[in-house]
Amino acid sequence: MQKTTDIRADFTASLVVFLVAVPLCVGVAVASGVPAELGLVTGIVGGLLTGFLPGSSLQVSGPAAGLTVLVYEAVEEFGLGALGALVLAAGVLQVAMGALRLGRWFRAISVAVVQGMLAGIGLVLIAGQLYALTDTRPPGTGLANLGGLPELASDTVWSDQALTASAVGVGTIAVLVLWPRWKRAARLLPAPLAAVALATGTVAVLGLPVARVEVTGLLSAVQPPGGADFGQLAGVGAVGTVLAFALIASAESLFSAAAVDRLHDGPRTDYDKELMAQGAGNAVCGLLGALPMTAVIVRSSANVRAGARTKASRVLHGVWLLLFAAAFPAALGVVPLAALAGVLVHAGCKLIPVRDMVPLWREHRGEAVVLVGTAVAIVVTNMFEGVLIGLLMAVAKSAWETSHAHLEVSGLEDDGPGAGPVRVRALGNATFLRLPRLLDQLETLPRDRDVILDLSGLRHLDRACAAALGNWAERRRPAGPDPMAATTPAPPYRA
């Protein structure tokens, strides 16, 4: 039976997580181009269903800023009705991957790709929310939003309404940055809720003419997908979106689980069960036509720091979200959109690892290149293609770094009439990636000396290298007195 101290700690932690989750759920939904209530629905499912299932005991699930851009693009391309079908298919795919015990393999994904993915999402999210910060509709996604920022700045200067909205948004960001420094207040009220509450109160008191959240009602917002919506899943674009939802949500959830495990001393995460729990949650969210969910590190870390002991805290946070959505839906209608945009701009900035870039460049330049390349690819193309480009870059980097091959040359110092042959020993992994450098080194050897090329020190020799080295040996034979001098007496290579 659960201890009384655990119940008290979980109850308190659930209230903290609930207060953190409300503005984030609503903000992510609005930024995704769907009714605000759907963000709360996803948070409720993340608490009541995913929170109850086994996997990770303390991490909290809900709508995440990391999927905002992808959801927005999906709604624009396929329509709001098809969003549920896409999320449902992604959830079923996650459950299948967990049942096949593929959860642990997500830990093999390059950290640079994940960081680059989040950085790219952060850049696109910030670019889009800067328009919402001024009550302006963004012109498109990615590059279009970034390219339109100068025009947005000039238009804002000459518009009183845009200046008012931007002041509300910038004020919200300022509160988000400064509030955690006020330790006593931060313990009582999370920064996101404090920032949105202060912005809402200021707008109400001063009667500022800014746009507010449109409220449709919880039951009206929930629209299960129909047959025509499922029919769209047959398209190539829809399949790509489903894969992107499933893979990105899974990677973000399992990376979050690894981070949360480092914050507490309780039971460790079972990655396969957690993947199935996330899939079950997404399947239900899909049936309700809601947003996709992931485990969210902001809510999860708040849960741990608030003293949560068991999964009861995250289940209770879902209960509080349900009560809020059912009893106080009209409360969302007074929240200014610029305040929510400020919350998401702040969240987007946190996704960009600015502080880590300089030390990463100094210590692991290849990782830094993959990170930046992935982020740029996402901004230039889209989420799915950008992540694929990042993965290809990571594979190419790993192949390059693991194909270490070098030549040890001895005997060059003996250049007299009776000098013996030049001995060249190849070491490492000789692949086509290192072939140009190896051939350049071999071509520098003197043409009037015998050369013995020993390949026995190679751990791997691919077909391209073997053929090129054989051709080099054939070309060397006429120059030396011994036609067989450019061969090796040892085995050509060891596998």
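Shown above is the structure to which this text applies.
Definitions and cut-offs
Residue indices begin from 1 for each chain and proceed along its sequence in written order. Predicted model: local features are reported for residues with pLDDT of at least 70 only, side-chain atom pairs are reported and counted for 80 or more only, and whole-chain, interface and lining totals are derived from all residues. Derived side-chain values reflect all non-hydrogen atoms in the structure, with water molecules and hydrogen atoms excluded from consideration. Secondary structure counts use DSSP, requiring at least four H or I residues in a row for a helix and at least two E residues in a row for a strand, with both numbered from the N terminus. Each residue gets one of three labels from its accessible area relative to the maximum for its type: buried under 20%, exposed over 50%, partly exposed in between, using a 1.4 Å probe on protein chains only. Whether two residues are in contact is decided by their heavy atoms, any of which lying within 4.5 Å being enough. By nonpolar core we mean a set of buried residues, namely Ala, Val, Leu, Ile, Met, Phe, Trp, Tyr and Cys, connected to one another through side-chain atoms within 4.5 Å. Throughout, the protein atoms alone are placed on a 1 Å grid, and a set of points is a cavity if a 1.4 Å probe fits but cannot get out or a pocket if it is open with protein on both sides within 12 Å along at least five of seven lines; lining residues have an atom within 4 Å of a point. Grid points are joined across faces, edges and corners, and a volume is the space filled by probe spheres set on the points. Only Asp, Glu, Lys and Arg are considered charged in this grouping, and only Ala, Val, Leu, Ile, Met, Phe, Trp, Tyr, Cys and Pro are considered nonpolar; every other residue, Gly among them, is considered polar. Here an axis means a line fitted to C-alpha atoms, over the contact stretch when the element is a helix, while the angle between two N-to-C directions is reported on a 0 to 180 degree scale. Oblique is the label for any angle not covered by the other classes, which are roughly parallel (under 35 degrees), roughly antiparallel (over 145) and roughly perpendicular (65 to 115). In this scheme the handedness of a crossing depends on how the near helix is turned from the far one: anticlockwise by less than a right angle means left-handed, clockwise means right-handed.

### Notes on the environment of valine 177
Turning to its location among the elements, valine 177 is positioned in helix H8 (residues 160-178). Taking the relative accessible area as the measure of exposure, valine 177 reaches 39% and is therefore partly exposed. Sequence-wise, valine 177 and leucine 323 are 146 residues apart; in three dimensions their C-alpha atoms are separated by 30 Å.

### Remarks on the environment of valine 215
Looking at the element boundaries, valine 215 is found in the loop between helix H10 (191-206) and helix H11 (218-221). For valine 215 and glutamine 232, which are 17 residues apart along the polypeptide, the C-alpha to C-alpha distance reads 28 Å. In this view, valine 215 contacts Glu37, Pro329, Leu332 and Gly333; residues no more than four positions away in its chain are not counted.

### A few points about the nonpolar core
One finds Leu40, Leu83, Met117 and Phe245 to be the most contacted residues of the largest nonpolar core, which totals 76 residues. Sort the elements by how many residues they give to this core and helix H1 (residues 4-31) lands first, with 10 residues. Ranked by size, the runner-up nonpolar core spans 20 residues in total, among them Val422, Val451, Ala468 and Leu469.

### Side note on the layout of surface pockets
If you add up the space inside the second largest pocket, you get close to 740 Å³. Surrounding the second largest pocket, 34 residues form its lining, Val30, Ala31, Gly33, Tyr72 and Arg137 being those nearest its centre. Residues of the lining of the second largest pocket, tallied by class, amount to 18 nonpolar, 11 polar and 5 charged.

### Focus: the packing of helix H2 (residues 36-50) against helix H14 (residues 271-287)
At a minimum axis separation of 9 Å, H2 and H14 run at an interaxial angle of 135°. Of the possible angle classes, the one that applies to H2 and H14 is oblique. In this structure, H2 meets H14 at a crossing whose hand is right-handed. Where H2 approaches H14, its residues Thr42, Val45, Leu49 and Thr50 are matched on the opposing element by Ala277, Gln278, Ala280, Gly281, Val284 and Cys285. In terms of residue class, the contact of H2 with H14 is made up of 6 nonpolar, 4 polar and no charged.

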